[in-house]
Amino acid sequence: MKRTCSVDPWLITEESLQPQDNRLAESLMSLGNGHMGMRGNFEEEFSGDSLQGTYIAGIYYPDKTRVGWWKIGYPEYFAKVLNAPNFIGIRVNIDGRGVDLAHWQVLSFRRTLDMRRSLLTRTFTVADETGHRFSVETTRFLSRKRREVAAIRYAIRPLDQAADIELTPYLDGDVANEDANYGEKFWELVNQSCTVDVSTLTMKTKKTEFFVTTAMNWSVTGVDNPSITHREHDKHVENTVSSRVGQGQSLQLTKFVAVTTSRDWAIEELDSAAEKRVREAKDLGWDMLLDEHTNAWERIWADGDVAIMGDAEAQQGVRFNIFQLHQTYTGDDPRLNIGPKGFTGEKYGGSTYWDTEAYCLPFYLSTMDSSIARNLLIYRHNHLEKAIENAAKLGCRGALYPMVTMNGEESHNEWEITFEEIHRNAAISYAIFNYVRYTGDEEYLAEYGYDVLLETSRYWADRAHYQPRKDVYMILGVTGPNEYENNINNNWYTNTMAAWNLRYTLDVRRYLERHHPQRLKDIETTRGLTAEERQDWATIKDKMYLPVIEEFGVFAQQDGFMDKEQLTVDDLPAEERPLNQNWSWDRILRSVFIKQADVLQGLFFLNHEFDLETKRRNFEFYEPRTVHESSLSPCVHSILAGELGLESKAYELYLRTARLDLDNYNNDTEDGLHITSMAGSWMSIVYGFGGLRIHDDTLHLQPFLPTAWEGYSFKLVFRGRRLRVSVSRDACHIGHEQGKPLDVSVHNCMVHLEQGQATDVSHA
Ligand code: BGC
C-alpha cells in the first residue's frame, strides 16, 4: 500500500514532489466535468515520468483487433479512449531558460485537489542555476456549469531579484496515446488559427472522424505593457506574454479554453461555437466563472454527501469516490456512459461495461434525480438494434449486448471476455428491474423496458440448450463474473440470471397486458414474438440447470468446480499476490481462486429471493476462495457480510474498496482511477452498513455502525423524496427533508414521515 497524499476530509494533497510516483498523483488529481477531463498533469513542460492525458467524452478510435488468429464473430475493433489535444499547456521561461520541475531545483511543492470545489491547485518554489528563487501558483477547473469551458490561472513571482519571464499558453494537437501500436497517432489537423486574441485548433480523429475544436484566449495582470507575440506550427498554436517582472511582483496569466466537438455541433459551426464560448468565459471573468462552478458543486454535495464521524481516512475515501463519480458522469447526455477509468487514463478502451448496470446505477438512483438513471437505461435501449446484430454475428437470435462498447458495437479485444461473459445481458435487464423497483416508474417498461427484456430473453432462450438426458436447460462455454476462468459450463450466476431474465420478462408482460395492452401488441407484432416462443421461455426458466455442491449445501460456481484443488486464500504466500501480477495466466485459470464475486454476485442481485442461511453458507464457502483482484469485488462481499451480521468482516472488506486508489491497493492506480468500483464503495456504506434494500415498494434500512466509527450519515433520493439518514451507536435517525409523506421501514419497524419530520429508531 502506498500513500502519496495526506488525509483530509475535503482535500487530496501531495506535500512534496515525488517524481517516482508522479503518475500516481496525476491519476488521483484528475479533473472532469462529464464532457471532458484530464489527469493532474503540469501546465509547464515536464521531462520527468508522466502520462499526459486529456480526454473528451465519446471521442474514441477503433483500433485494429484483427490478428493472425482472428475467427468469425470476433470484434472488428478495439475502442481506444483517445488522448485529445492538450489545452492546459503553458510554457514558462525565466531569463531564457525553460522551467522543468524534473531539472530545476524544487524547494517546495504542493499539489492539491479540492473535492468540494473540483479545483486543482499547485504551489511550488523553484530555484534557477544561480539559486534565485521563484514561486508559482496554479489553479485550474473544468466548469461544471459550462461543460465546454475550462480555465487555468498561472501566477509566477521572482522572490530574490527581477527576471525576464515569458509565459506561453498553447494548444497542442500533436498528441499520442501511450497505448498505440508502433507509436501511431490518431489525430489529423483540419485547421488552425493563431492570433493574439482567440486562437483555435481544429483536429479530427482518424477513421471515426470526430471533429474537435479547442479555442483559447487569456488575460494577464500584474505587469504593465507586456509584450505579446503569437506563433504557430503544425497542430500547434501559441501566444507568448513576456515581461520584466520585479522582485516580489506577480505575473498572472489566466487562460480560458473552450472545447467543442462534432458530437454536439455541425462541423461548420465548431470553430465559431468554440470561439463564442471562450469569449463568453473571458468576458465573464475568472471570479464569476469560478463562482458558478463552485455553486454547482455545492449543490452536488448538499444532496449526495456521505459524512463519516470519527474516521478521517474513511471520510476522505468515500468523498473521493463520490467526487470522481460526479466528475465522470453528469447524466444529461444519454449517449454517454461511465467508463471504468473515466477521464483519468487510457486503459480499458471503451466507455461502457456491465459495471454501469451492476455497480453504478444504484449510486445514481439514490443520489440524483431519477432522470439520470433513466438516461443510463435509455443508453442501452438506443443500442438494442446493435445488440441484435451482435447476437446475429455470433449465430444467435435476440440481443446480446456488448461487454465493452462505445456506440453499441462490441469493442473489446480479449475473446474469452468479449465472447463469453454473456452474463452482462442479464445485468442490463436487472437494471430495468432495479430502476423500476426504486423509482416506481412503471411507465418505463412500456416505453422502453419491454423491448430490451424481450430481445434479451430471446437471446437466452436461443443460447441455452436442452439436455434430454437430464431434462434440463444448460448454458455452455461461458465466462462468469470471475474472469479467472474461461469457457466453463453452467456458471451458476449466468444460468440463474438468465432464468431470472426470462421470468422477469414474463412478469413484465403480464403487467403490460393489464395496463398497456395496445403497446404490448405493437411491440410483439413489430418484434414478431409468438405464443410458442413465450411458452419456451416459461419452460426454459423452470428447467434451467443450476449446479450445486451438495456436500457444502452451496451453489456450484460452475460444473466441475470441486475437481479443482481446494485451497483457500490463506494458503497463498503473500509475495504471490496479486496473482495476476505473479502467476501465469495458465496457472490462474486452473486454480480455485476467484477474481471477484460470482455466485455471491447473484445472491447480491437476487437478494430478496434467498434466505439468510443460504447466503451464509455460500458466503462462508466462497469468501475464503476469493482474491478480490477486481476492484468490483470486495463491495459485494462487504454488503453480504453486513447482511449476515459479520460486521467486522463487512468493515474489513469495505476498507479494500474505500481507499483503493488513494492507497493504491492494487498497485495500478498510476494507469488511472477505478471509477466504476467507486460506486461499489458507496454501496458498501449505504447498502452494506445502512442495510438499504427496496422491496414491496418500500425503502428498508437495517443499519449498523462499524465499531471504528462514531457515526455516519447519508442522503437519499427515493421516489421524489429527499431523506437524510444518520446512524449513531444506539439508533438510526431518519429525517424527511423534501417531498410527499413516506412510510419507511427501519429495523423492520414502519415509520411514517411527513416533510420536515424526523424520527429515531433504536438499533436494539
Ligand atoms: C472485471 C470486470 C469489469 C472490468 C471493467 C475487470 O477487471 O473483471 O468485471 O467489467 O474489469 O471494470
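For the structure, see preceding data.
Residues numbered from 1 in each chain as written. Predicted model: local features only at pLDDT ≥ 70, side-chain atom pairs only at ≥ 80, totals over all residues. Heavy atoms only, no water.

Attention now moves to the overall build of the protein. Counting its secondary structure elements, the protein contains 19 helices and 32 strands. What you see for the protein is a C-alpha radius of gyration of 27 Å, in line with the 27 Å of a compact globule of 764 residues. Judged by the C-alpha coordinates and their principal axes, the protein covers about 85 × 60 × 55 Å. In the protein, of all internal contacts separated by at least 6 residues, the share reaching a separation of at least 24 is 67%. Accessible surface, the protein: about 28,000 Å² in total, of which carbon and sulfur atoms supply 47%. (Helix = DSSP H or I, 4+ residues; strand = E, 2+ residues; numbered from the N terminus. Rg over C-alpha atoms; globule rule 2.2 N^0.38 Å. Contact = heavy atoms within 4.5 Å. Areas by Shrake-Rupley, 256 points an atom, 1.4 Å probe, with all protein chains shown as cover.)

What follows is about the packing of aromatic side chains. Overall, the coordinates contain 48 aromatic pairs when judged by the stated rule. Aromatic side chains Trp500 and Tyr504 sit 5.1 Å apart centroid to centroid with 10 degrees between the ring planes, which places their arrangement in the stacked category. Of the two residues, Trp500 and Tyr504 are both situated in helix 11 (residues 492-515); the distance of four residues between them amounts to about one turn of the helix. Relative accessible area serves as the criterion here: at 3%, Trp500 is assigned to the buried category. If you follow Lys255 out to its NZ or CZ, it ends over the ring of Tyr170, 5.7 Å from the centre. Between Arg587 and the ring centre of Trp583, over which it is positioned, the NZ or CZ distance is 3.9 Å. (Phe/Tyr/Trp six-rings, centres within 6.5 Å; stacked < 30°, edge-to-face > 60°. Buried < 20%, exposed > 50% of the residue type's maximum accessible area, 1.4 Å probe, protein only. Lys NZ or Arg CZ within 6 Å of the ring centre and 35° of its normal.)

So, on to the pairing of strand 7 (residues 90-94). With burial as the criterion, only one face of strand 7 is covered, namely that bearing Ile90, Val92 and Ile94; the residues Arg91 and Asn93 on the opposite face remain uncovered. Here five bridges tie strand 7 to strand 13 (residues 163-172), and the two strands are oriented antiparallel to one another. Across the sheet, Asn93 pairs through a bridge with Glu166, a residue of strand 13. Joining the antiparallel neighbours strand 7 and strand 8 (residues 97-98) is a turn of two residues, in which Asp95 adopts a positive phi near 45 degrees. (Pairing = 2+ DSSP bridges.)

Further remarks concern the site of the ligand. Near the ligand the following residues occur: Pro340, Tyr348, Tyr353, Trp354, Asp355, Met403, Glu483, Lys595, Gln596, Ser630 and Leu632. Note that an oxygen atom of the ligand is positioned 2.8 Å from one of the side-chain N or O atoms of Lys595. Look at the ligand: alone it shows 310 Å² of surface, and the protein chains cover 94% of it. Here the residues of the shell around the ligand sort into six nonpolar, two polar and three charged. (Near = heavy atom within 4 Å. Polar contact = N/O pair within 3.5 Å; in protein donor to acceptor, adjacent residues only side chain to side chain. Nonpolar A, V, L, I, M, F, W, Y, C, P; charged D, E, K, R; others polar.)

Attention now moves to the sheet that holds strand 25 (residues 693-695). Taken in spatial order, the four strands of this open sheet run 25-26-30-31, and their pairing is mixed. The two strands at the open ends of the sheet, each matched to only one other strand, are strand 25 and strand 31 (749-753). Direction aside, the axes of adjacent strands within the sheet are offset by 30 degrees on average. Direction of pairing for strand 25 relative to strand 26 (residues 698-701): antiparallel, over a ladder of three bridges. Counted as the bridge partner of Ile694 is Leu699 from strand 26. (Axes fitted to C-alpha atoms, helices over the stretch in contact; angles between N-to-C directions.)

A cis amide bond links Arg577 to the next residue, Pro578, at an omega of -5 degrees. As for its position among the elements, Pro578 is in the loop between strand 24 (554-555) and helix 14 (585-590). With a phi close to 45 degrees, Asn225 is a non-glycine residue in the positive phi region. Mapped onto the elements of the fold, Asn225 is located in the loop between strand 16 (211-221) and strand 17 (227-233). Using a relative accessible area of 75% as the deciding quantity, one classes Asn225 as exposed.

This next bit is on the nonpolar core. The biggest cluster of nonpolar side chains holds 225 residues, and the ones touching the most others in it are Phe87, Tyr364 and Trp709. When residues in this core are grouped by element, the largest group, twelve residues, is from helix 11. In terms of nonpolar packing, the next biggest core, distinct from the first, is built from 14 residues, Val198, Ala281, Leu289 and Leu290 among them. (Core = buried A, V, L, I, M, F, W, Y, C linked by side-chain atoms within 4.5 Å.)

Pairs of packed helices are described in terms of their axes, by the angle between the two and the distance that separates them. Viewed as axis vectors pointing N to C, helix 6 (residues 370-382) and helix 9 (residues 424-439) meet at an angle of 155 degrees, and their least axial separation amounts to 11 Å. With respect to their mutual orientation, helix 6 and helix 9 come out roughly antiparallel. With respect to the hand of their crossing, helix 6 and helix 9 are arranged in left-handed fashion. Residue-level contacts link Ser370, Ala373, Arg374, Leu377 and Arg380 of helix 6 to Ile428, Ala431, Ile432, Tyr435 and Thr439 of helix 9. Each residue belonging to the contact of helix 6 with helix 9 can be placed in one class, and the counts come to six nonpolar, two polar and two charged. (Parallel < 35°, antiparallel > 145°, perpendicular 65-115°, else oblique. Left-handed = near helix turned anticlockwise from the far one by under 90°.)

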